Each structure stands twice: as C-alpha cells, then as structure tokens.
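# Architecture and fold: a report
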Amino acid sequence: HEHADENTTVWNLAAPLSVETAMDPTVAEAITVGGMEKVLSAMSEVGAKRICFTDSIGSFGAEAPRENATAKWLTENPQQDPGSDYGRQKRGCRELMDQFRREHGGDPRFAVLPGVLHR
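From a predicted model like this one, the values you see are computed outputs, not experimental measurements.

### Notes on the pattern of salt bridges
The full count for this structure, using the stated rule, is eight salt bridges. D81 is the partner of R88 in a salt bridge, and the nearest nitrogen-oxygen pair spans 2.8 Å. One continuous salt-bridge network, built from bridges that share partners, spans D81, D85 and R88.

### So, the environment of N77
The topology assignment puts N77 in the loop between α3 (71-76) and α4 (85-104). Linking N77 and E63, residues 14 residues apart in sequence, is a C-alpha distance of 9.5 Å.

### Some thoughts on the sheet that holds strand β2 (residues 50-56)
Spatially, the three strands line up as an open sheet ordered β1-β2-β3, and their pairing is parallel. Because the sheet does not close on itself, it has two edges, and the strands there are β1 (9-12) and β3 (107-113). Neighbour-to-neighbour, the strand axes of this sheet turn through a mean angle of 20°, independent of strand direction. As defined by bridge partners, β2 adjoins β3 across seven bridges and the pair is classed as parallel. Looking at the pairing, T54 lines up with A111 of β3. Of the strands in this sheet, β1 and β2 touch helix α2 (residues 25-46), which is tilted by about 170° from β2. Contacts from α4 reach β2 and β3 within the one sheet, and its direction differs from that of β2 by about 160°.

Rules behind the numbers
- Residues numbered from 1 in each chain as written.
- Predicted model: local features only at pLDDT ≥ 70, side-chain atom pairs only at ≥ 80, totals over all residues.
- Heavy atoms only, no water.
- Salt bridge = Lys/Arg side-chain N within 4 Å of Asp/Glu carboxyl O.
- Helix = DSSP H or I, 4+ residues; strand = E, 2+ residues; numbered from the N terminus.
- Pairing = 2+ DSSP bridges.
- Axes fitted to C-alpha atoms, helices over the stretch in contact; angles between N-to-C directions.
- Contact = heavy atoms within 4.5 Å.

Below, the structure written as structure tokens:
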C-alpha cells in the first residue's frame with residue numbers, strides 16, 4: 001500500500017515470447033495469465049484502476065482481416081481463435097482485464113505490438 005494507490009498506472013509487459021510459449025505452454029500460461037491474475041488482484045487491493053497490457057499481433061487468428069486490421073477488431077471478436085497457445089493466453093489476459101473493468105471499475109487498455117526484436 002505504501003507504493004501504490006488509486007493514482008497508480010500499471011503496464012504489464014510480462015509474457016514469454018511466442019517461441020518460448022510453443023516450447024512450454026504450461027509455464028507460459030502460468031507467467032502470462034497467472035501473472036495477470038496476480039497483478040489485477042494487487043491492483044484491486046490498493047484501489048489502482050488503470051492498467052495497460054502489451055498484446056501482440058499473435059492474437060489475430062485466421063479469421064482476422066488481412067488488411068486494415070485494428071486492435072478494436074480483437075475486442076469486437078473476443079471469442080475468435082488466435083490459432084496458438086500464445087494468442088489464446090493473450091486473449092485470456094484481455095478477458096481478465098474486462099472482468100476487472102466490470103467488477104472493480106478498472107480502466108484496462110492494451111497495445112497490440114508486432115513481435116519483432118531488434119539487436
């Protein structure tokens with residue numbers, strides 16, 4: 001409580017890379033989805049409402065439009081199958097954030113970033 005309160009904003013970046021998720025989906029889910037559950041629980045304890053989550057283009061599955069796809073498409077099609085454990089875990093985090101919004105008055109946001117690493 002001494003380091004966070006209702007004015008705190010959290011940016012949750014925790015998630016293994018898609019390749020690591022494919023190698024061990026159980027561990028990846030514990031980190032990604034389990035971690036989000038813990039973060040949201042801690043936020044509710046201190047009254048923090050704002051959270052931003054790093055989502056991924058890996059959340060878009062075969063049903064997604066191939067041109068002009070937006071992050072809003074993910075919220076408008078919450079049950080679409082991303083086609084991978086990685087994408088399903090990201091979807092699970094969006095579902096948890098939506099539950100946090102409904103049950104705790106949270107203000108969740110997510111940023112869809114391409115999974116490209118540069119050296």
